[in-house]
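# Topology and contacts: notes
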2 protein chains.
Amino acid sequence: MTILTPPTRVDIVEVAPRDGFQSIREPLPTADKIRCIEALIEAGITRLEIGSFVSPRAIPQMADIGDIVAHFTRRPAMRFSALVPNLKGAQLALDSGLRELVYVVSVSESHNQGNVRQSVDASLDGLAAIVELLHERDLQDAVCLRLDLGTSFDCPYEGTIDWHQVDAVLGKARDAQRNVSMEVALCDTTGRATPYQVAEHFTRLREQHGDESLKWAFHGHDTYGMGVANALFAIHHGATAIDAATAGLGGCPFAPGATGNTATEDLLYALHGGKVHTGVSLPRLLEAADLIAALPGGQTASHLRHVPRDRVG
Amino acid sequence: MTILTPPTRVDIVEVAPRDGFQSIREPLPTADKIRCIEALIEAGITRLEIGSFVSPRAIPQMADIGDIVAHFTRRPAMRFSALVPNLKGAQLALDSGLRELVYVVSVSESHNQGNVRQSVDASLDGLAAIVELLHERDLQDAVCLRLDLGTSFDCPYEGTIDWHQVDAVLGKARDAQRNVSMEVALCDTTGRATPYQVAEHFTRLREQHGDESLKWAFHGHDTYGMGVANALFAIHHGATAIDAATAGLGGCPFAPGATGNTATEDLLYALHGGKVHTGVSLPRLLEAADLIAALPGGQTASHLRHVPRDRVG
C-alpha cells in the first residue's frame, strides 16, 4: 500500500479572467474586470491568465485586453499570461510586455476545427511561427510558452482520446519548440476525464517526454464531479500547475454541457487540507469569488461558496 | 513517482434507502420505497443499507422498516444491512432475518450526544451488548457488524478530529468485538474531510488495527466538493467498501449545511473510468436516480444526473 503524501507546493493558475470572462456574452466593463483581477491578486494568486489577444470581432469580451494588461504592468511578483490564437496575437502580447503566452491546440481534429477553424497541423505551424518570432526578437530565453492540449482525454465529437493521440500532437509540438521553455497542459475540455485516465496520460506522456525542458499542468472541469479528484491525480503523476477558475466561472461554447473550470476555492480547500503551499488565502479568495459570481451573465459552479464561511480557513 | 493503478473491485454500499429516505420529513409510501430499492437492485447494487430499526416516534420515516425487510427477504445474492441504534433495534433486525447490522458511534462526544443522546462510552456499552446478543443467539459467525465511526475527520461542534481520537474509540470498540467480523467505516459526517486527511487516517488506523478481523470502509459527502477525491484516497489507503447514495439524496439534521452522501452515480463514473469492477450498471443506476430524485421532499446532489446521457456508459 502506497501512502499519498502531499506535494510541498502547487502552482494555481487562475483562469477566470480568460476562460471565465470569455464565457459571458455581454461585454463586461473594463473596470469590473480589473476589480475582480485585483481581488484575485490580493488573495495571493500569482499566476493568472489575464485574457486573450484575439480579434474583438471573434470575441468582443476580449476587446479591452490591451487596457487590462497595461493596468497590471510592473507587478514583479506576478506571472501574467495571455492566450494567443496566432502569430498576430503573439506579437500583440509581446508588445504589451507579457512574457507568458498560452497557445491552444486540440488533440482531436474535429474539436480543433470547431475551436479555431483550422487543422491540427495548421495549428502546429502556428506554434512554430510563434517560436520563430521569439527567436527573431531574441526572447527565446525570456518567454514561457504554455501549450494547452485541448481534448487530451475526451472530445465532444470523437469520444475518448487515447494517450497515443496526445503523444502524436505533443511530439510535433516539441519539434517546433526549439529551446523555448514550455509548460504543457493536458486539458480535460469536456470534464469527462476520470482520475485513472488522468493518471495514465500523465504517466505515459512523461515517460515519452519528461525531460527537463518541459513542465506539466492540468486544466479540468467539474462537470462530472471529477474536478478535484482529477487535479489531485494529475499532481501525483507529475503536474506542478493546475488551472482553476474562481467561483467556477465559465463554460465552453464548443463543449456542450461543460460547466466552468474546477473552482479555485474547491481546489484550494483540498490542497490546504494537506498543507500544500499555494500562497493563496482561501477566505480572501472567497471574497473574490463573490465579486466574480455577482458579474451579470456569468455561470458559476462552486462548492466552497455555498458552505458556512466561519470554519473555512 | 508512484503510479496509482485502480483496484480490481470496490464494494459500493448504497445508503439512499437509509440516510437518504431518513432525510425526508414526510413519510414516504412503503410502495414508493420498495420501487426505488427494486430499481437499485436491478441496476446491480448488491450491498444496500435498507433502513433503520429505530423507534417510529424518533424517526417516523422508518416505521415501515419491518415491511420493507419482509418484502426483500430471500434474495441470496444481496447483502442487506440495517442501522440499529441499540440492543432493541439489533433484536428486531435479527428477528427480521437480517445478518448485517450497522451501529453508529461518533468519535466526538458532542456529536454523539446530538445524534444519539448518550456519551461515547455509553454507545460503546451498547455495542458490547449487541455483541453479547450475537453470542447468546450463536450468531457470532453469521453476522457482519458494520461500525460507523461518525465524525472521524471533523465534528460540527468540535472542529477537526485527529486520528488519535478515532484510534481511542476504535480501540474500545475492538475490546467489545469478541470475534464477530467487523467492517469499520470512517465517516466524514460533515463533508469537511480532505483527501490527504483521509489518507492519513486510513494509513495510521490500519497500522494500529489492520489485522484480518477488520475490513475498512469510507462514508462521505460531497458538500465541499471532495466526495469523489476522498473516496478514491480512501480506496488507495485500504478501504474496500464505499458508502454512496444514489442521486446524492440526503443530509444530516445534526451536521448543519451537509448535503447528502456522495452520489453513487458520480462515484461509479470515477471507478468505471478505471475499469474497477462494481457490478453496477451506470445507465440503469441513473434510472433509479431519476426515481429517487422525483420523491417529494428530497434534496439531491449529483453531477452525473445533469450531464447528457448519450455518452454515459
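Residues numbered from 1 in each chain as written. Chains lettered and ligands numbered in written order. Predicted model: local features only at pLDDT ≥ 70, side-chain atom pairs only at ≥ 80, totals over all residues. Heavy atoms only, no water.

The name given to chain A in an unreviewed UniProt entry is Hydroxymethylglutaryl-CoA lyase, with Modicisalibacter xianhensis as the source organism. UniProt lists a comment for chain A under the heading Sequence similarities (unreviewed entry), and it reads "Belongs to the HMG-CoA lyase family." (UniProt positions renumbered as here; feature names shortened; annotations may be inferred.)

## Brief notes about the pattern of salt bridges
Scanning the entire structure with this criterion turns up 46 salt bridges over all chains. A salt bridge links arginine 137 of chain A to aspartate 95 of chain A, with the shortest nitrogen-to-oxygen separation between them at 2.8 Å. Highlighted residues: arginine 137 of chain A in the loop between helix 6 (120-136) and strand 5 (144-150) and aspartate 95 of chain A in helix 4 (residues 87-95), separated in sequence by 42 residues. The closest approach of N and O atoms between aspartate 121 of chain B and lysine 172 of chain B, which form a salt bridge, is 3.1 Å. Here lysine 172 of chain B lies in helix 7 (residues 163-175) and aspartate 121 of chain B lies in helix 6 (residues 120-136), a separation of 51 residues in the sequence. Aspartate 121 of chain B sits in the partly exposed class, given a relative accessible area of 40%. Counted as one network, the salt bridges with shared partners bring together Arg9, Asp11, Arg47, Arg79, Glu100, Arg146, Asp148, Glu183 and Asp243 of chain A. (Salt bridge = Lys/Arg side-chain N within 4 Å of Asp/Glu carboxyl O. Helix = DSSP H or I, 4+ residues; strand = E, 2+ residues; numbered from the N terminus. Buried < 20%, exposed > 50% of the residue type's maximum accessible area, 1.4 Å probe, protein only.)

## Concerning the packing of helix 9 (residues 227-235) of chain B against helix 10 (residues 264-272) of chain B
Residue and element names in this part refer to chain B. As a packed pair, helix 9 and helix 10 sit with axes 10 Å apart at the nearest point and diverge in direction by 50 degrees. By the angle class used here, helix 9 and helix 10 are oblique. For the pair helix 9 and helix 10, the sense of crossing is right-handed. Of the residues in helix 10, those in contact with Val228, Ala231, Leu232 and Ile235 of helix 9 are Asp266, Leu267, Ala270 and Leu271. In terms of residue class, the contact of helix 9 with helix 10 is built from 7 nonpolar, no polar and 1 charged. (Axes fitted to C-alpha atoms, helices over the stretch in contact; angles between N-to-C directions. Parallel < 35°, antiparallel > 145°, perpendicular 65-115°, else oblique. Left-handed = near helix turned anticlockwise from the far one by under 90°. Contact = heavy atoms within 4.5 Å. Nonpolar A, V, L, I, M, F, W, Y, C, P; charged D, E, K, R; others polar.)

## Quick look at the sheet that holds strand 4 (residues 100-106) of chain B
Residue and element names in this part refer to chain B. Read around the barrel, 8 strands follow the order 1-2-3-4-5-8-9-10 and close on themselves; strand pairing throughout is parallel. Sheet twist, expressed as the average angle between the axes of neighbouring strands with direction ignored, equals 30 degrees. Bridge count between strand 5 (residues 144-150) and strand 8 (residues 181-187): 6 bridges; the pairing is parallel. Paired with cysteine 144 across the bridge in strand 8 is serine 181. (Pairing = 2+ DSSP bridges.)

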